[in-house]
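For reference, the chains in residue letters:
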Amino acid sequence: MHRLTVEEARQVAVRAQLLDADRPPGLLDVVDRLALLQLDPTAAVAPSADLVLWTRLGAAYDPADLRQALDVDRTLFEMHATVRPMADLRLFRARMERAPAYRQPREWLAANQSFAADVLARLRDDGPLLSKEIADTAVVPWASSGWTGNRNVTQMLEVLCGRGEVAISGRRGKQRLWDLAERVYPADVEVLPFDEAERERDRRRLRALGIARAKTDQSSVEANDVGEAGEPAVVDGVPGEWRVDPAHLDRPWTGRTAVLSPFDRLVHDRRRALELFGFEYTLEMYKPAAKRRWGYFALPVLHGDRLVGKVDAAADRKAGTFTVAAVHEDVPFTPDVADAVDAELAALAGWLGLELRR
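Parameters at a glance
Residues numbered from 1 in each chain as written. Predicted model: local features only at pLDDT ≥ 70, side-chain atom pairs only at ≥ 80, totals over all residues. Heavy atoms only, no water. Buried < 20%, exposed > 50% of the residue type's maximum accessible area, 1.4 Å probe, protein only. Helix = DSSP H or I, 4+ residues; strand = E, 2+ residues; numbered from the N terminus. Patch = residues over 30% accessible without salt bridge, like charges linked within 9 Å, V, L, I, M, F, W, Y side chains within 5 Å. Areas by Shrake-Rupley, 256 points an atom, 1.4 Å probe, with all protein chains shown as cover. Salt bridge = Lys/Arg side-chain N within 4 Å of Asp/Glu carboxyl O. Lys, Arg positive; Asp, Glu negative; His and termini not counted. Charge placed at Lys NZ, Arg CZ, Asp CG, Glu CD. Pairing = 2+ DSSP bridges. Axes fitted to C-alpha atoms, helices over the stretch in contact; angles between N-to-C directions. Parallel < 35°, antiparallel > 145°, perpendicular 65-115°, else oblique. Contact = heavy atoms within 4.5 Å. Nonpolar A, V, L, I, M, F, W, Y, C, P; charged D, E, K, R; others polar.

Brief notes about helix H8 (residues 152-162)
Side chains that are three or four residues apart share a direction in an α-helix, a result of its 3.6 residues per turn. Within H8, eleven of the eleven residues are buried, which leaves it mostly tucked inside the rest of the structure. The set of residues buried in H8 consists of Asn-152, Val-153, Thr-154, Gln-155, Met-156, Leu-157, Glu-158, Val-159, Leu-160, Cys-161 and Gly-162.

Pasting the structure below:
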């Protein structure tokens, strides 16, 4: 049983997420270490995946590098709103063989076998295609009270992607291009047994998080818990038991300052962020403006091993400006912290190619 101070636990978490002073060498190294990049259409500052990569790589990162790795080199792949190393596809093949895992999509697919066959035939003949270029021949429409209701082609493509039958082959503008998976994925991907693949995914997740709960609140994109990966640990002043990756222990520590995407994995598990960092955060873009405390797309601020505030900022590419409306200090900034945050915001504006306005 490892016994960690809360400062040691925070440093493990920050180091695992490549947010200490020892920056990684390149894009593929970052995605391999983080296990995934979450995709989100919101780009109030920059697309989340690009912002996550910039915080790790700095000005050397070019968003074109991500598209090159996905669409040309095929060293990364996109699935279910995440980007992952192509080498990790083997960890999903057994899941794909069991998909869909949930009753509603499983029953919907069973009722729409002819529709699935039509989609696959259309891609086989003419792929890659946008979803809008594929005819909707659904026998039973997809039922949802949300935005996916009756979006039958998109939903079928997602289901078939989860089964490993189709894949995202690239983008046309911001829209996904779909093709048969055999034209996108390598032909010789190993299929690990299901339980072995799940354990390896837990290990990969813990390597990326550094410290996590064996079981905790679930996420729709990627689990926040890690099962029996790593070794048990307790953190002073924090109830309960954790799992820690021992590779992150007993290492030299030097921190830095970073402004993070709201979808950054350091803060994605809101419960862990509160327990280890004392950091309260809610993404407020879905709230009415009058009810927001920190802003539409507030960027968490990391300084050393502390999450110290949020930045309410937005990029206006037409106007050529990056406007910082407010910097919310969770704890009063010292002059050194204020200077470091200012420098990071200036660096972000420079990378965006926009004029910083305060």
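Section: a negative patch on the surface
Residues Glu-7, Glu-8, Asp-236 and Asp-250 make up a contiguous surface patch of negative charge. Take Glu-8: it is sitting in helix H1 (residues 6-16). Exposure remark for Glu-8: the relative accessible area of 38% places this residue in the partly exposed category.

Comments concerning the pairing of strand S8 (residues 231-235)
Pairing of strand S1 (residues 2-4) with S8, which is carried by three bridges, proceeds in the parallel orientation. Paired with His-2 across the bridge in S8 is Ala-233.

Here we look at the packing of helix H6 (residues 103-111) against H8
Between H6 and H8, whose axes approach to 11 Å, the crossing angle comes to 110°. Classified by the angle between their axes, H6 and H8 sit roughly perpendicular to one another. Of H8, the residues touching H6 (which contributes Pro-105, Trp-108 and Leu-109) are Asn-152, Gln-155, Met-156 and Val-159. Taken together, the residues that form the contact of H6 with H8 break down as five nonpolar, two polar and no charged.

Focus: unusual backbone geometry
Omega for the peptide link from Ala-99 to Pro-100 comes to -5°, which places this bond in the cis form. Note that Pro-100 resides in the loop between helix H5 (93-98) and H6. With an omega of 5°, the peptide bond running from Gly-127 to Pro-128 counts as cis. Among the secondary structure elements, Pro-128 is positioned in the loop between helix H7 (113-126) and H8. The phi torsion at Arg-74 lies on the positive side, around 60°, for a residue other than glycine. Residue placement: Arg-74 occurs in the loop between helix H4 (63-72) and strand S3 (76-79). The exposure class of Arg-74 is partly exposed, given its relative accessible area of 24%.

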